[in-house]
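Observations on chain architecture
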Amino acid sequence: MEELFKKINIKPKDMSLYENAFSHSSYANEHKKKKDYERLEFLGDAVVDLVVADYLFQNENETEGEMTKVRSSYVCENALYEYSMALGLNKYIKVGHGEEKYGGKYKKAIVADIFEALIGAIYIDLGYATARRVVMNIILPYIKDPTAQFFSDYKSALQEYVQTEQKYLSYNLIKEKGPAHEKEFTIELEIDGIKLGLGVGSSKKEAEQEAAKDALSKLAEVKVE
């Protein structure tokens with residue numbers, strides 16, 4: 001991990017935190033480790049949210065609603081995945097043999113979680129100031145680049161369309177598989193009874209967003225035609 005630490009300019013004190021930050025639950029279970037990245041990811045999620053919210057409050061003269069939308073786009077799963085891949089964090093992820101067989105090191109949810117787990121580890125090990133610096137160095141270039149958009153709230157966009165057109169929208173769970181810690185949900189979206197979108201995700205919310213995204217792309221094609 002020395003290469004990574006040099007890239008983000010930190011000098012770790014407690015390496016065990018970073019070992020945990022890159023250990024998926026499948027690896028921890030397989031090697032009878034007591035800790036995986038989930039607790040650090042929970043903490044890192046809050047730190048990243050705070051850093052981005054604080055930056056927007058200090059530097060943008062927008063309403064609460066507008067700031068919430070902007071923050072959401074830069075802390076959503078798509079954005080966290082992008083940050084992780086840009087840093088090459090997936091190289092350090094440790095997953096169990098079964099998870100590795102199914103491409104665990106490249107799964108969007110896992111790769112995105114690892115970014116937050118790393119920030120959580122930095123926060124515990126080196127304090128908020130260092131964690132904030134690392135987050136800002138990684139995310140600020142994206143915020144300042146108008147072409148770097150991580151639009152995530154497809155459900156809200158679709159809801160606005162449905163309300164405007166006075167149509168009925170429903171999300172239906174059609175498949176659920178996998179163990180409790182590695183669920184995969186498939187959601188089918190209907191507008192006025194017509195099946196228009198399909199989404200798969202590691203949570204129902206993620207699957208619904210993917211289904212809404214699918215529906216919006218199909219609606220856009222219809223409008224173009």
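Look a little higher up for the structure.
I will try to describe carefully the structure that is included in this document. Quantities reported herein were computed from a predicted structural model and do not represent experimental measurements. (Residues numbered from 1 in each chain as written. Predicted model: local features only at pLDDT ≥ 70, side-chain atom pairs only at ≥ 80, totals over all residues. Heavy atoms only, no water.)

**Section: the pairing of strand E2 (residues 184-191)**
Extensive coverage of E2 is indicated by the burial of seven of its eight residues. The pairing of strand E1 (residues 169-177) with E2 spans eight bridges and is classified as antiparallel. Looking at E2, one finds that Glu 176 is bridged to Phe 185. Hairpin connection of E2 to strand E3 (residues 194-201): two residues between the antiparallel strands, including Asp 192 at a positive phi of 55°. (Buried < 20%, exposed > 50% of the residue type's maximum accessible area, 1.4 Å probe, protein only. Helix = DSSP H or I, 4+ residues; strand = E, 2+ residues; numbered from the N terminus. Pairing = 2+ DSSP bridges.)

**A word on the pattern of salt bridges**
For the structure shown, the criterion picks out seven salt bridges. Note that Glu 19 and Lys 94 form a salt bridge whose closest N and O atoms lie 2.8 Å from each other. Taken together, the positions of Glu 19 in helix H2 (residues 15-21) and Lys 94 in the loop between helix H6 (77-87) and helix H7 (97-101) put the pair 75 residues apart, joining distant regions of the chain. Between Lys 218 and Asp 214 there is a salt bridge; the shortest N-O distance is 3.3 Å. Pair noted here: Lys 218 and Asp 214 are both in helix H11 (residues 204-224), with a separation of four residues, about one helical turn. (Salt bridge = Lys/Arg side-chain N within 4 Å of Asp/Glu carboxyl O.)

**With respect to helix H9 (residues 128-144)**
For H9, which comprises 17 residues, the first-to-last C-alpha distance of 23 Å matches the rise-based estimate of 24 Å (1.5 Å per residue) to within 8%. Its axis deflected by about 35° at Ile 138, H9 carries its strongest bend there, up to four residues before the proline Pro 141. By the burial criterion, the buried members of H9 are Thr 130, Ala 131, Val 134, Val 135, Met 136, Ile 138, Ile 139, Leu 140, Tyr 142 and Ile 143. (Expected span 1.5 Å × (residues − 1). Bend = angle between axes of the 7 residues up to and from the residue.)

**Thoughts on unusual backbone geometry**
If a residue is not glycine, its phi is most likely negative; likewise, a peptide bond is most likely trans. The phi dihedral of Asn 9 falls on the positive side, at around 60°, and the residue is not glycine. Along the chain, the position of Asn 9 falls in the loop between helix H1 (2-7) and H2. A residue is classified by how much of its surface remains accessible, and Asn 9, at 55% relative accessible area, is exposed. Of note in this structure, Asp 192 is not a glycine but carries a positive phi near 55°.

**Brief notes about the sheet that holds E3**
The sheet built from three strands is open, its strands ordered E1-E2-E3 with antiparallel pairing. Both edges of this open sheet fall to E1 and E3, since each of them pairs with a single strand only. Mean inter-strand twist for the sheet, computed between neighbouring axes without regard to direction, equals 20°. Where E2 and E3 come together, seven bridges link them in antiparallel fashion. Bridge assignment links Ile 187 to a residue of E3, and that residue is Gly 199. Contacting E1 and E2, helix H10 (residues 154-165) runs over the sheet at an angle of about 145° to E1. (Axes fitted to C-alpha atoms, helices over the stretch in contact; angles between N-to-C directions. Contact = heavy atoms within 4.5 Å.)

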